[in-house]
Amino acid sequence: MSTDVSRPAPPARSGAAAAVSWILTIGLNVVAPILTYNTLTDDHGWSEFAALLVSGAWPVLDTAIVVAWRRKFDEFALVTLVFLVITAVVSLVGAQSARALLIKDSGVTGLFGLLCLVTLATARPLMFYFGRKFATDGTPESTAWWNGLWQYEGFRTTMRRMTLVWGVAYIVEALVRVALAFVLSTSTMVTISPFMIYGTLGGLGLWTARYGKRSQAEGERRAAEAAALEASQEAEPAAGRAAGGTPAA
């Protein structure tokens, strides 16, 4: 594996490709599932489980579009689908009281945190695929650039550390919300639960952005130091030859 001294710069991003990729990602993995779930449960009286299963068709469609368009598999859509399946399974477990539903909601985020930790034992952690989805425009050039970064030790450490932090944070958040569900009233939990969910997500997003920038800056600093050291080592023999002069005939 290589060090970070020769890490390549990202290729120029395609504005059109990035826009289409973001629209597909947010529309089919976030907006469409939420709208479908709310419409089926609120307006048509579907069960939570059935509505979640139907909502899961959108990430599948996203994967199919990406495979047809990019000729590659999209792990981000797969993770979204797995998350919806987890939610569907959790919704079937146990009682259906308000407190039970709040606990189940916490279980979903906790299982997502566990999923993050499990991927640390795989070839590449979950944040590698999330990073590739949002740090590139989806073109073959930018995807190849991101995949190529895996050879650098600093990049691998960054992805694994991000995945570890996300996993631990969501498990802790889930445990805290479960504990609060037994201590606080249901009405209070319904009020504060969304703040905890989105507060955790916002905090993790902010930390990830800052940590990513610090890691990149550290890699660039090490690369500059290595280049300066290499230049000085090459200059020393030349300086020695110049100081010794040319022997007389």
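Residues numbered from 1 in each chain as written. Predicted model: local features only at pLDDT ≥ 70, side-chain atom pairs only at ≥ 80, totals over all residues. Heavy atoms only, no water.

Participant: Give me the lowdown on the overall build of the chain, citing residues and values where you can.
Facilitator: Counting secondary structure elements, the chain contains nine helices and zero strands. Taken from N to C terminus, the helices and strands of the chain fall in the order α-α-α-α-α-α-α-α-α. Here the chain holds 249 residues, and 35% of them are scored as buried. Taking the intrachain contacts of the chain between residues at least 6 apart in sequence as the baseline, contacts between residues at least 24 apart amount to 70%. (Helix = DSSP H or I, 4+ residues; strand = E, 2+ residues; numbered from the N terminus. Buried < 20%, exposed > 50% of the residue type's maximum accessible area, 1.4 Å probe, protein only. Contact = heavy atoms within 4.5 Å.)

Participant: Account for the packing of helix H6 (residues 126-135) against helix H7 (residues 140-148), naming residues and giving values.
Facilitator: In contact at an axis separation of 10 Å, H6 and H7 are set at 145° when each is read in the N-to-C sense. Of the two elements, H6 crosses H7, and the hand of that crossing is right-handed. Residues Phe128, Gly131, Arg132 and Ala135 of H6 touch H7, and the partners they reach there are Thr143, Trp145, Trp146 and Asn147. Looking at the contact of H6 with H7 residue by residue, the class counts come to four nonpolar, three polar and one charged. (Axes fitted to C-alpha atoms, helices over the stretch in contact; angles between N-to-C directions. Left-handed = near helix turned anticlockwise from the far one by under 90°. Nonpolar A, V, L, I, M, F, W, Y, C, P; charged D, E, K, R; others polar.)

Participant: Break down the environment of Arg124 for me, with residues and values.
Facilitator: Here Arg124 is to be found in the loop between helix H5 (98-119) and H6. Relative accessible area serves as the criterion here: at 24%, Arg124 is assigned to the partly exposed category. Here the alpha-carbon distance between Arg124 and Thr163, two residues 39 residues apart in the chain, equals 10.0 Å. When near neighbours in sequence (up to four residues on either side) are disregarded, Arg124 contacts Thr119, Tyr129, Asn147 and Trp150.

Participant: Describe the pattern of salt bridges, with residues and values.
Facilitator: Enumeration over the complete set of coordinates arrives at one salt bridge. Between Glu173 and Arg177 there is a salt bridge, with the nearest N and O atoms lying 2.5 Å from each other. Placement of both Glu173 and Arg177 in helix H8 (residues 153-183) is noted, with a separation of four residues, approximately one turn of the helix. Take Glu173: its relative accessible area is 5%, and that puts it in the buried class. (Salt bridge = Lys/Arg side-chain N within 4 Å of Asp/Glu carboxyl O.)

Participant: Please set out the side chain of Thr158 residue by residue, giving values where relevant.
Facilitator: Here Thr158 lies in helix H8. Setting aside chain neighbours within four positions, we find Thr158 in contact with Tyr211 and Ser215.

Participant: Explain a nonpolar patch on the surface to me, and be specific about the residues and the numbers.
Facilitator: A cluster of nonpolar residues, Ile26, Val30, Val31, Ile34, Leu35 and Phe134, forms a patch on the protein surface that exposes about 470 Å² of accessible area. Looking at the nonpolar patch, the element that brings in the most residues is helix H1 (residues 15-43), giving five residues. Here Leu35 shows up in helix H1. Judged by its relative accessible area of 51%, Leu35 is exposed. (Patch = residues over 30% accessible without salt bridge, like charges linked within 9 Å, V, L, I, M, F, W, Y side chains within 5 Å. Areas by Shrake-Rupley, 256 points an atom, 1.4 Å probe, with all protein chains shown as cover.)

Participant: Any chance you could break down the packing of H6 against H8 for me, citing the residues and the numbers?
Facilitator: Contact geometry for H6 and H8: axes closest at 7 Å, N-to-C directions at 105°. Classified by the angle their axes make, H6 and H8 are roughly perpendicular. Here H6 contributes Leu126, Met127 and Phe128 to the contact with H8, which in turn contributes Phe155, Met159, Met162, Thr163 and Trp166. Taken together, the residues of the contact of H6 with H8 sort by class into seven nonpolar, one polar and no charged. (Parallel < 35°, antiparallel > 145°, perpendicular 65-115°, else oblique.)

Coordinates in, geometry out; function isn't part of it.
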